[in-house]
Amino acid sequence: MNIDCRLKRGACFVVVSILTLVALIFLSGPIRVSADVSGTAEAVPVSVQTDTGGTTTATNVTQSTTDITSSPDPSVVDAGQTDSVNSTQAPEGTGADVNTDNVADPTSSSVDDQTSSNQDTVNSTHTQDSSVNPDQPTSTEKNQPQVTAKSASDNLKDRNMVVSTPSSARLTAQAEDSKQDVQATAAVQAADSMTVTTEQQLADAISKAPKDGTAQTIILGGSFATKQIEIVQGQNITFTNDAGQKVTLKLNGAIIVDKGATLNFHGDQAQGITIAPGDDFQRKSDVPLQISGTTEMTGTDIMGFSFKPWMPHNVATVTVNGANASLTMDKDARVINNNISTDQGSNIDDAGGISVNDGATLTMNEGSSVTGNTISWNASLAAGGIGVHDGSHLILNGGTVSNNQGPQAGGIIVGDRNDADTDPQNKLSTFVMNSGKIDGNISWNEAGGVYINGNGSFVMNGGAITNNSTGYVGLSTNAAAPGGGIAVSTGYTEQDYQDANVYDQNNAAKLVINDGLIDGNKAAGPGGGIYVNSNAVTIKKAKITNNSAAMYGGGIYVSIAHYTLKLGNSLITNNSATAGSVISWTDGTLLNPGIGGGVWFCPTGNATINVTDGTAIYGNSAVNKGNDFASEVKAGYGSVTLANEILGGGDVAWYHDRDGQQETTPVTITNQTGAFDLKSVSSAQALAAALATVIISGNSAPRGGGIGSNGTVIFGEPGTKVIKVNKQWDLNGNPDAELPGKVTINLTHDVTNADGTTSTIVVRSIDLTKDNHWTGEFADLPTNVDYDVAEVPVAGFNSTVSQALTKVSDGVYQITFINTIKPTTPTTPDTPVTPNTPTEPNTPDTPNEPDTPTTPNTPVVPGQPSVPGKPQVPNKSRQPSQPSKPSQPDQPTVPSKPNRPVNSTIKAGKTVTLAATPKKNSTAPEKLPQTGDQNSSLVSLMGLMILLIALSGMLVFKKRRDD
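As recorded in an unreviewed UniProt entry, the protein goes by the name Gram-positive cocci surface proteins LPxTG domain-containing protein, listed as coming from Lentilactobacillus fungorum.

Structural data, given as structure tokens:
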């Protein structure tokens, strides 16, 4: 039965498994391929070959790598692939022509170009074009070529399109036309370069150059001479040289760049191209390079020309003329070592190097230079290096203007003077200096470096004007020559018959220095660094250092009372008033040398030192008197006012210095008209130095080592602020608490040191006392400096700020401190004497083990009573007498209880000795058997074994019975 059941269960399992397997096979079904036609089928180029029988076979027809015929809806194929799909369905014998309009010429186009035109190639498999081969039969003729398609896998093997037919030239005709169109377009942008080695070849090349703006490169293949060269309007020509081969173009005439023309000189290295005078260059001739169009120079020198121009004005070795004219000088572009000579006063606004006129622009970039050029000393308003006139512009982004010599300016002259009679008025000319260097130039009359003449403007944003000089030529000296580095003038002088205001209105004469270095310049007259004859001079940030003047103002000089110089945030230190000649003033006053190491004001000079954006004058020296400040007696007008605050708001004290007055007590100078000479003392110099942006240092002159002035100098801006300080006391109900005699409040400012660390400077201090009702103020502070206010800690009080620094009105701020008495701390008791370390107690002696108490004697066992002897028998046979009763034996003596030992171990820390237990009687009673004895265990074990044997027998018996 069980076997049958098991068989039945197995059969059922097999049947269920078979059914399950059949169900699984049935449900899984065959694997079907569903082509996704929503994507773009991959395009594959077509290879068309015509066999000798005239049958054309199209291979590698573009189609999707998926079998497109399996798509249920061919209409969903991407529109960009429609032609590809249709091409595979073209039935044989339909005579579909191959369109090769867009097939690229395999001999002239790249694979990438061919691949990019795959779409047009695919379309060609079904588009008719009779232009393919006019000799080929039409679709209705019997022997038309047939197109067959290979499989997609074959299509993927070859992605390059190859067209091979007997009429391949015709097949690619349209592509060739397209190529020629592209080449024609490129020709508009650049013509083929031409190499010339002779004058005639150069002339021919220039005449053939396009006049439609097309760039034309002419390679100077060697050095040769040439006469006049003219680049006409519309031409765009670049002269260059073969790589590594320096060439010289020797001019026997002029190079003229007309308006609307472009001529560039692109030497491939320094001195790659040199333009120099030829053997027949006329000493009386035109300007060598005349630019009315556009010119760029790189790696090109224009050098060695020496001539006397026939033109009366605006001449130079290179001239740039006209509002649309420009010259850009890039790396290694140089105009060097040229010389122009003129007749006395015959030439105006000329320059030895470059003259920029009538609205033109000259730009000098890094690596360019105008160096070593000269013009006759008798020329009028001329510069050795560059002249910028009549509304023209100079931009110096880099490069150098150096070692040039000219009468009015050694380096650069900018602008033209307009007086009341000038008609028409000259336009404003400008010079912007962003970088670069103007160095080592020499003038005779005005500025060694830069001269701003009349209607000119100079904005200096960076760069350096160094080591220029004026008034020193050879052994000759012009003691009136001003402005070693820079001179700026409206053109007015006190000897002029016209009013000074006329010059102010007609001439900008503007100088703004936002940043820059004026260093090492010198003047035989006043103003070693800068000479100011204008009201439009502002110096915001500069280093004016190590300049010198033989008369006044080693760093800066202001010419006459009509003109004013404004200085902000200036530091005047380490300047010196040197020895020199005595000068007689117009009223007969003698002006002694060695006066005013820092600042000197002549009889018409005015000075105002403000606190905001002010100045710091300290640490200067004078040979005679007035280390830091000196002022002459005023000639009817003018006065001097000095603040008692240094730049940054710190206190400064002014003391007389060798002027015949007491020198121990500080003085206050307000609207002073008399002569005085001072030195300054201040503890806030570090803050002033940190805030200063105009540094005037290391300069020298006999009068006014740093600054000398015959006009007005305003240091800083008007306006101050006040910080009021209040003190309140919180005595915590203890009115009898003792208050300090004073509380010190510090005004502080943080400065950054040269090493990048920060230091806190105490600018000023005030004391608050009971007498001033615990109030005070910091007055006459600059409005543009933020301060911190801090209290010096007061013993016994905690200080808090109840009211932070708060503006209460215009220019007035307030802060309040509260001092709270500290709670009375109870008297600290005397520190108890530290007890001596107790002596370590001796280890107690180990108590003697008490003797074992004496075992009490065993009570004496009474002896056997004596057997009485036989009684005496009376003589008469008498009975023995009854024996006497034996006496009771004495009770054994109980041993006395042993005394408790003195020491015991009953409790921790207590020691006791227990008495020994008396020994038991040696005669012990016989012991009875106890549970657990060996004999008892054996009996129990045997009983357990018998029980187990009995149980085993019962199990065997039951087993047999069951069987």
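From this point on, the discussion continues.
(A) Up close: helix α8 (residues 199–208). Residues of α8 that are buried include every one of Leu202, Ala205 and Ile206, and no others. Buried positions in α8, seen along its axis, are confined to an arc of 95° and lie on one side of it. Of the exposed residues in α8, the ones pointing more than 90 degrees away from its buried face are Gln200 and Lys208. Buried residues along α8 sit in contact with β4 (194–196), β5 (215–220), β6 (224–226), β7 (229–231), β8 (236–241) and β9 (247–251).

(B) Examining the sheet that holds strand β67 (residues 758–768) more closely. With antiparallel pairing, 3 strands are arranged side by side in an open sheet as β67-β66-β69. Looking at the sheet topology across the chains shown, the edges are occupied by β67 and β69 (788–791). Strand after strand, the sheet turns through a mean of 30° between neighbouring axes, direction not considered. Two elements, strand β66 (residues 743–752) and β67, share 10 bridges in a ladder whose sense is antiparallel.

(C) Up close: the pairing of strand β14 (residues 294–298). Burial along β14 is one-sided: the face carrying Thr295 and Met297 is buried and the face carrying Thr294, Glu296 and Thr298 is not. Where strand β11 (residues 262–266) and β14 come together, 5 bridges link them in parallel fashion. In the strand pairing of β14, His266 is matched with Thr298. Relative to strand β18 (residues 326–329), β14 is paired through 4 bridges, and the arrangement is parallel. Its bridge partner being in β18, Thr294 is matched across the sheet by Ser326.

(D) Structural context of the sheet that holds strand β71 (residues 812–821). Taken in spatial order, the 4 strands make up an open sheet running β68-β65-β71-β70, and their pairing is mixed. Only two strands of the sheet have a single partner each, and these edge strands are β68 (775–781) and β70 (797–809). Ignoring which end each strand starts from, the neighbouring axes of this sheet average 15° apart. For strand β65 (residues 721–730) and β68, the ladder comprises 5 bridges, and the chain directions are antiparallel. Its bridge partner being in β68, Lys724 is matched across the sheet by Glu777.

(E) The arrangement of the pattern of salt bridges in detail. Scanning all chains against the criterion turns up 9 salt bridges. A salt bridge links Glu777 to Lys724; the nearest nitrogen and oxygen atoms lie 2.9 Å apart. Highlighted residues: Glu777 in strand β68 and Lys724 in strand β65, separated in sequence by 53 residues.

(F) Region of the structure containing the nonpolar core. With 114 residues, the main nonpolar core has Phe239, Ile354, Phe431, Phe458, Ile530, Ile539 and Phe629 as its most contacted residues. In contact with Ile354, other than residues within four places in its own chain, are Ala316, Val318, Val320, Leu327, Met329, Val335, Leu362, Val370, Gly385, Ile386 and Gly387. Ranked by size, the runner-up nonpolar core spans 24 residues in total, among them Ile766, Val785, Tyr787 and Val789.

(G) Representation of the packing of aromatic side chains. This model, assessed by the stated rule, comprises 13 aromatic pairs. Geometrically, the ring pair formed by Phe281 and Phe307 is edge-to-face, given 6.2 Å between the ring centres and 80° between the ring planes. Separated by 26 residues along the polypeptide, Phe281 in the loop between β12 (273–277) and β13 (289–291) and Phe307 in strand β16 (residues 306–307) bring together distant segments of the chain. You'll find Phe281 and Phe307 in the same group, each marked buried. Following the ring pairs from residue to residue traces out a cluster consisting of Tyr531, Tyr552, Tyr557 and Trp600. Its guanidinium or amino end placed over the ring of Tyr813, Lys721 lies 5.6 Å from that ring's centre, counting from NZ or CZ. Seen from the ring of Trp729, Lys727 lies directly overhead, with NZ or CZ sitting 5.6 Å from the centre.

(H) Local environment of the pairing of strand β39 (residues 486–489). Both faces of β39 are covered, namely the face carrying Ile486 and Val488 and the face carrying Ala487 and Ser489. By the bridge criterion, 4 bridges tie strand β33 (residues 450–453) to β39 in an arrangement that is parallel. Within β39, the position partnered with Val450 by the bridge is Ile486. Direction of pairing for β39 relative to strand β43 (residues 530–533): parallel, over a ladder of 4 bridges. Residue Ile486 lies in a different strand from β43, and its bridge partner there is Ile530.

(I) Quick look at the environment of Ala692. Of note, Ala692 is situated in the loop between α10 (685–691) and β61 (694–697). Sequence separation between Ala692 and Ala616 is 76 residues, and the spatial gap between their C-alpha atoms is 8.3 Å.

About the criteria used
- Residues numbered from 1 in each chain as written.
- Predicted model: local features only at pLDDT ≥ 70, side-chain atom pairs only at ≥ 80, totals over all residues.
- Heavy atoms only, no water.
- Buried < 20%, exposed > 50% of the residue type's maximum accessible area, 1.4 Å probe, protein only.
- Helix = DSSP H or I, 4+ residues; strand = E, 2+ residues; numbered from the N terminus.
- Arc of directions from axis to C-beta.
- Contact = heavy atoms within 4.5 Å.
- Pairing = 2+ DSSP bridges.
- Axes fitted to C-alpha atoms, helices over the stretch in contact; angles between N-to-C directions.
- Salt bridge = Lys/Arg side-chain N within 4 Å of Asp/Glu carboxyl O.
- Core = buried A, V, L, I, M, F, W, Y, C linked by side-chain atoms within 4.5 Å.
- Phe/Tyr/Trp six-rings, centres within 6.5 Å; stacked < 30°, edge-to-face > 60°.
- Lys NZ or Arg CZ within 6 Å of the ring centre and 35° of its normal.

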